[in-house]
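Close look at the chain arrangement
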Number of protein chains: 2
Amino acid sequence: MEHDNCDPASRPSTRDRLITVTCELLEFQGYHATGLNEILATSESPKGSLYHHFPNGKEELTIAAISKVGTAVLERIRDSLSPENGPAHATVPAFIRDISMNVERSGYRTGGPITTVALEAAASSKALRTACAEIYREWQLAVERALIASGSNQSEAESVATSIIARIEGGIIMARCERSRRPLDAIADELEQDLACRAKEKQK
Amino acid sequence: MEHDNCDPASRPSTRDRLITVTCELLEFQGYHATGLNEILATSESPKGSLYHHFPNGKEELTIAAISKVGTAVLERIRDSLSPENGPAHATVPAFIRDISMNVERSGYRTGGPITTVALEAAASSKALRTACAEIYREWQLAVERALIASGSNQSEAESVATSIIARIEGGIIMARCERSRRPLDAIADELEQDLACRAKEKQK
DNA sequence: TAGTATATAGACTGGTCGGTCTACTATCAA
DNA sequence: TTGATAGTAGACCGACCAGTCTATATACTA
């Protein structure tokens with residue numbers, strides 16, 4: 001029952017390779033377009049190992065993969081929006097511009113690591129759907145905390161945080177379609193004004 | 001070369017049935033999860049007719065389908081945000097609450113008719129990707145016009161309109177995952193304050 | 001009526017899908 | 001050395017995939 005990395009000097013364990021490769025392929029192409037054989041070939045693992053580590057097959061492997069990227073993104077959110085980096089009305093737009101840069105750098109092939117899965121699987125798999133919902137919730141709560149630390153009240157922070165996550169998800173979709181940073185950069189600009197306006201309002 | 005509806009008293013033409021059914025299935029399950037055989041069975045059309053009307057197969061049929069729903073949504077946007085219904089800072093939140101209601105009413109199975117396709121196909125099909133980008137652009141322009149009619153300047157209208165479309169797309173994804181109106185309603189609330197704040201700012 | 005384009009009909013193909021199955025190897029404890 | 005468990009290996013399965021093909025029916029025109 002050893003699920004962590006193996007000897008750090010050698011290649012990662014089969015289990016870790018499977019998860020890592022699945023993360024990447026899901027982000028590029030989504031759930032149904034990513035075949036188990038492709039995952040197997042890319043990670044150089046035999047099919048027997050996959051069903052040894054993930055007895056419930058594709059669904060279980062996918063949940064492991066999106067949980068991993070979900071947590072990684074959560075940590076990026078916490079780091080970027082940490083109060084020591086400044087007030088939320090500065091850190092949030094900067095965070096979105098950073099995402100914009102990364103999406104561009106990937107040739108508009110990545111971004112929104114769980115979005116495609118969320119939409120594709122929402123219909124067919126309850127387990128996948130709730131896994132995605134939980135990740136979105138964690139992200140939202142992290143943003144919420146940053147807003148509260150910058151002076152928002154609970155109720156405002158909740159709706160604004162939800163709206164920020166939604167803006168990012170939607171902006172990534174538009175940017176990938178358009179193959180342009182424009183949508184994400186426009187959202188960063190708009191959000192900067194929005195948050196500034198709210199902060200100013202509060203001073204009165 | 002007759003592409004419109006046939007005799008209104010009888011059932012729609014094969015071509016129209018194919019497009020309509022494809023729209024629905026794509027919205028429920030996405031591109032790769034929707035098989036041609038399923039489309040054929042649901043619309044009660046033989047395969048020969050599909051390749052007669054859409055020689056390029058699934059891709060061409062999908063483009064026809066998303067163009068249709070894209071245009072239908074565009075008209076809904078124009079109607080809802082028409083200046084005679086009031087200022088944008090009232091009509092836009094109302095529009096989002098209306099979407100929220102429809103998503104709930106569908107059992108959280110529909111909403112964001114082109115989002116899934118946009119993400120799934122962005123990687124593999126340039127034609128589909130640009131078709132989605134064009135639809136997003138049309139939606140954005142319609143919102144932009146409504147904002148300008150309510151007193152925004154061009155530059156602000158563009159970024160705010162982009163951000164509104166993104167919020168809606170992202171909010172629908174979150175609502176479908178969570179099976180709750182909460183995300184979309186929170187976005188409507190947040191947007192209401194955001195637009196009100198901007199309007200107040202402008203008075204000064 | 002004959003001829004032509006349009007449209008319907010579905011059998012069929014090669015390929016891929018997710019998943020099962022058996023066999024083999026490595027590790028470690030008794 | 002033996003036995004049990006964890007892990008690797010890949011052949012194999014039925015189901016389904018998008019797309020091709022030939023045959024036929026229908027509608028309109030010459």
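Read on for an overview of the structure. Here the structure is a predicted model, which means the values were calculated and not measured.

Overview of the overall build of chain A
The helix and strand tally for chain A stands at nine helices and zero strands. For chain A, the succession of helices and strands along the chain, N to C, is α-α-α-α-α-α-α-α-α. Overall, chain A is about 65 × 40 × 35 Å in size when its C-alpha atoms are taken along their principal axes. For chain A, buried positions account for 54% of its 204 residues. Taking all contacts inside chain A whose residues are at least 6 apart in sequence as the whole, residues at least 24 apart take part in 64%. As presented, chain A carries roughly 8,900 Å² of accessible surface, and 52% of it is formed by carbon and sulfur atoms.

Here we look at the interface of chain B and chain A
With 46 residues of chain B at the interface, the matching set in chain A holds 46 residues. Roughly 4,000 Å² is buried in total at the junction of chain B and chain A, and carbon and sulfur atoms are behind 63% of that figure. Run the count over chain B and chain A and you get eight salt bridges. Close ionic contact of glutamate 190 of chain B with arginine 198 of chain A constitutes a salt bridge, the shortest N to O distance being 3.7 Å. Put simply, chain B and chain A have 16 residue pairs in polar contact (both at pLDDT 80 or more) between them. Element by element, the count of residues in the side of chain B that touches chain A is highest for helix H8 (residues 154-178) of chain B, at 17 residues. Split into classes, the residues belonging to the side of chain B that touches chain A amount to 19 nonpolar, 11 polar and 16 charged.

A short note on the pattern of salt bridges
This model, assessed by the stated rule, comprises 32 salt bridges over all chains. Glutamate 156 of chain A is paired through a salt bridge with lysine 202 of chain A; the nearest N and O atoms lie 2.8 Å apart. Taken together, the positions of glutamate 156 of chain A in helix H8 (residues 154-178) and lysine 202 of chain A in helix H9 (residues 182-203) put the pair 46 residues apart, joining distant regions of the chain. Exposure remark for glutamate 156 of chain A: the relative accessible area of 12% places this residue in the buried category. The class of lysine 202 of chain A is partly exposed, set by a relative accessible area of 40%. Between glutamate 178 of chain A and arginine 182 of chain A there is a salt bridge, with the nearest N and O atoms lying 2.9 Å from each other. By relative accessible area, glutamate 178 of chain A is classed as partly exposed at 28%. On the accessibility criterion, arginine 182 of chain A (24% relative accessible area) is partly exposed. One network of salt bridges, in which partners are shared, links Glu156, Arg167, Glu190, Asp194, Arg198 and Lys202 of chain A together with Glu156, Arg167, Glu190, Asp194, Arg198 and Lys202 of chain B.

What about the state of the cysteines?
Here, disulfide denotes a covalent bond that connects the sulfur atoms of two cysteines. Taken as a whole and assessed by the stated rule, the structure comprises one disulfide over all chains. In this model, cysteine 197 of chain A is linked to cysteine 197 of chain B through a disulfide, with the two sulfur atoms separated by 2.2 Å. Disulfide cysteine 197 of chain A-cysteine 197 of chain B: the torsion about the S-S bond is -105 degrees, which places it as left-handed. Placement of the pair is cysteine 197 of chain A in helix H9 and cysteine 197 of chain B in helix H9 (residues 182-203), with the two residues belonging to separate chains. Accessibility classification places cysteine 197 of chain A together with cysteine 197 of chain B in one group, the buried group. With no disulfide of its own, cysteine 177 of chain A lies 4.9 Å from the sulfur of cysteine 132 of chain B, the closest cysteine sulfur. Judged by relative accessible area, which is 0%, cysteine 132 of chain B ranks as buried.

Structural notes on the side chain of threonine 116 of chain B
Counting through the fold element by element, threonine 116 of chain B comes out in helix H6 (residues 115-122). Taking relative accessible area as the criterion, threonine 116 of chain B reaches 2% and is therefore assigned buried. Setting aside chain neighbours within four positions, we find threonine 116 of chain B in contact with Leu119 and Glu120 of chain A together with Gly30 of chain B.

Looking at the environment of leucine 74 of chain A
With respect to the helices, strands and loops of the structure, leucine 74 of chain A is situated in helix H4 (residues 57-80). Separated by 118 residues in the primary sequence, leucine 74 of chain A and glutamate 192 of chain A have C-alpha atoms spaced 21 Å apart.

A word on the protein's contact with DNA strand C
Residues in contact with DNA strand C amount to 15 residues; listed here are only the nearest, Leu36, Lys47 and Lys58 of chain A together with Thr14 and His52 of chain B. Between DNA strand C and histidine 52 of chain B, the relevant distance is 2.8 Å, taken from a phosphate oxygen to a side-chain nitrogen or oxygen of the residue. Of the residues forming the surface near DNA strand C, the biggest block, five residues, is contributed by helix H3 (residues 47-53) of chain B. Tallied by class, residues from the surface near DNA strand C come to three nonpolar, nine polar and three charged.

Quick look at the protein's contact with DNA strand D
The full set close to DNA strand D counts 15 residues, and Thr14 and His52 of chain A together with Leu36, Lys47 and Lys58 of chain B are the nearest of them. Among the atoms of DNA strand D close to the protein, meaning within 4 Å, 56% are from sugar or phosphate groups. Separating a phosphate oxygen of DNA strand D from a side-chain N or O atom of asparagine 37 of chain B is a distance of 3.3 Å. The side chain of tyrosine 51 of chain B places a nitrogen or oxygen atom 3.0 Å from a phosphate oxygen of DNA strand D. With five residues, the single largest contributor to the surface near DNA strand D is helix H3 (residues 47-53) of chain A. Looking at the surface near DNA strand D, its residues break down into three nonpolar, nine polar and three charged.

Observations regarding the packing of aromatic side chains
Counted by the stated rule, this structure contains two aromatic pairs over all chains. Between tyrosine 136 of chain A and tryptophan 139 of chain A, the aromatic rings sit 5.6 Å apart at their centres with planes inclined by 85 degrees, giving edge-to-face as the arrangement. Of the two residues, tyrosine 136 of chain A and tryptophan 139 of chain A are both situated in helix H7 (residues 126-149); the distance of three residues between them amounts to about one turn of the helix. With a relative accessible area of 2%, tyrosine 136 of chain A lands in the buried category. Tryptophan 139 of chain A sits in the buried class, given a relative accessible area of 4%. It is lysine 58 of chain A that lies over the ring of tyrosine 31 of chain A; its NZ or CZ is 4.4 Å from the centre. When the ring centre of phenylalanine 28 of chain B is taken as reference, the NZ or CZ atom of arginine 109 of chain B above it lies at 4.3 Å.

How each quantity is defined
Residues numbered from 1 in each chain as written. Chains lettered and ligands numbered in written order. Predicted model: local features only at pLDDT ≥ 70, side-chain atom pairs only at ≥ 80, totals over all residues. Heavy atoms only, no water. Helix = DSSP H or I, 4+ residues; strand = E, 2+ residues; numbered from the N terminus. Buried < 20%, exposed > 50% of the residue type's maximum accessible area, 1.4 Å probe, protein only. Contact = heavy atoms within 4.5 Å. Areas by Shrake-Rupley, 256 points an atom, 1.4 Å probe, with all protein chains shown as cover. Buried area = accessible area lost by both parts, 1.4 Å probe. Salt bridge = Lys/Arg side-chain N within 4 Å of Asp/Glu carboxyl O. Polar contact = N/O pair within 3.5 Å; in protein donor to acceptor, adjacent residues only side chain to side chain. Nonpolar A, V, L, I, M, F, W, Y, C, P; charged D, E, K, R; others polar. Disulfide = S-S within 2.5 Å. Near = heavy atom within 4 Å. Phe/Tyr/Trp six-rings, centres within 6.5 Å; stacked < 30°, edge-to-face > 60°. Lys NZ or Arg CZ within 6 Å of the ring centre and 35° of its normal.

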